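Inside the fold
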Amino acid sequence: MLALNASMAQLRMEVRDSAGTPLPGFGDAFFDLRLPGDHCRVAQNLLRMIRGDDARSPVHSIHFFRDAAEIGRWSVDDEQVEMMVMDAFAETPPAAA
């Protein structure tokens, strides 16, 4: 079992500020089980959970890396764009019949 764990890759999470600097104490590494999933949505949920209602939080983005490749990310900017798109669709009148 130990040999299996030693050969497994790591999935790394970075939490960054608005300048892109990693924030100490937030990031972590996990055993990468290569489970299917949307790492962007996981990052989105983690960003919301970490920031909470604190508009002054230094946390700006969450990034997931497998080996050296980024496999998912979400930021405050992504959140704002998603909200603008949702608002735009909400204001679109229904198509004429």
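Just above, that's the structure.
So, here is what we can say about the structure in this document. Given the structure is predicted, the values throughout are model-derived calculations rather than measurements. (Residues numbered from 1 in each chain as written. Predicted model: local features only at pLDDT ≥ 70, side-chain atom pairs only at ≥ 80, totals over all residues. Heavy atoms only, no water.)

1. Considering the side chain of Arg66
Examined against the element boundaries, Arg66 turns out to sit in strand E3 (residues 61-66). Beyond its immediate sequence surroundings of up to four residues, Arg66 is in contact with Gln10, Leu11, Asp32, Arg34, His39 and Ile71. (Helix = DSSP H or I, 4+ residues; strand = E, 2+ residues; numbered from the N terminus. Contact = heavy atoms within 4.5 Å.)

2. Section: the pattern of salt bridges
Taken as a whole and judged by the stated rule, the model has six salt bridges. One salt bridge connects Arg41 with Glu82, and the closest N-O pair in it is separated by 3.1 Å. Of this pair, Arg41 sits in helix H2 (residues 39-51) while Glu82 sits in helix H3 (residues 76-91); the two residues are 41 residues apart in sequence, bridging distant segments of the chain. We note a salt bridge from Glu82 to Arg48, for which the minimum N-O separation is 3.7 Å. Here Glu82 is found in helix H3, whereas its partner Arg48 is found in helix H2, with 34 residues between them in sequence. Classification of Arg48 by relative accessible area gives partly exposed; the value is 40%. Bridged by salt links that share partners, the residues Arg41, Arg48, Glu79 and Glu82 form one connected network. (Salt bridge = Lys/Arg side-chain N within 4 Å of Asp/Glu carboxyl O. Buried < 20%, exposed > 50% of the residue type's maximum accessible area, 1.4 Å probe, protein only.)

3. With respect to the nonpolar core
Formed by Leu11, Met13, Val15, Leu23, Ala43, Leu46, Leu47, Val59, Ile62, Phe64, Trp74 and Val76, the largest nonpolar core amounts to twelve residues. When contributions to this core are tallied by element, the ones reaching two or more residues are strand E1 (10-16), H2 and E3. (Core = buried A, V, L, I, M, F, W, Y, C linked by side-chain atoms within 4.5 Å.)

4. So, H2
For H2, which comprises 13 residues, the first-to-last C-alpha distance of 18 Å matches the rise-based estimate of 18 Å (1.5 Å per residue) to within 8%. Inspection of H2 places His39, Ala43, Gln44, Leu46, Leu47 and Arg51 among the buried residues, and these make up the whole buried set. For H2, the N-terminal cap is Asp38; the gap from its side-chain oxygen to the backbone nitrogen of Cys40 is 3.0 Å. Just downstream of H2, Gly52 is the residue with a positive phi angle, here 55°. (Expected span 1.5 Å × (residues − 1). Polar contact = N/O pair within 3.5 Å; in protein donor to acceptor, adjacent residues only side chain to side chain.)

5. Here's the deal with the sheet that holds E1
Spatial ordering of the open sheet is given by E2-E1-E3-E4, a layout of four strands whose pairing is antiparallel. On the outer flanks of this sheet lie strand E2 (28-31) and strand E4 (69-75), each paired with one strand and no other. Averaged over neighbouring strand pairs, the angle between their axes works out to 20° when direction is ignored. Relative to E2, E1 is paired through four bridges, and the arrangement is antiparallel. Directly across from Met13, in E2, lies its bridge partner Asp28. Contacting E1, E3 and E4, H2 crosses the sheet at an angle of about 40° to E4. (Pairing = 2+ DSSP bridges. Axes fitted to C-alpha atoms, helices over the stretch in contact; angles between N-to-C directions.)

Functional significance is not addressed by these values, which are geometric in nature.
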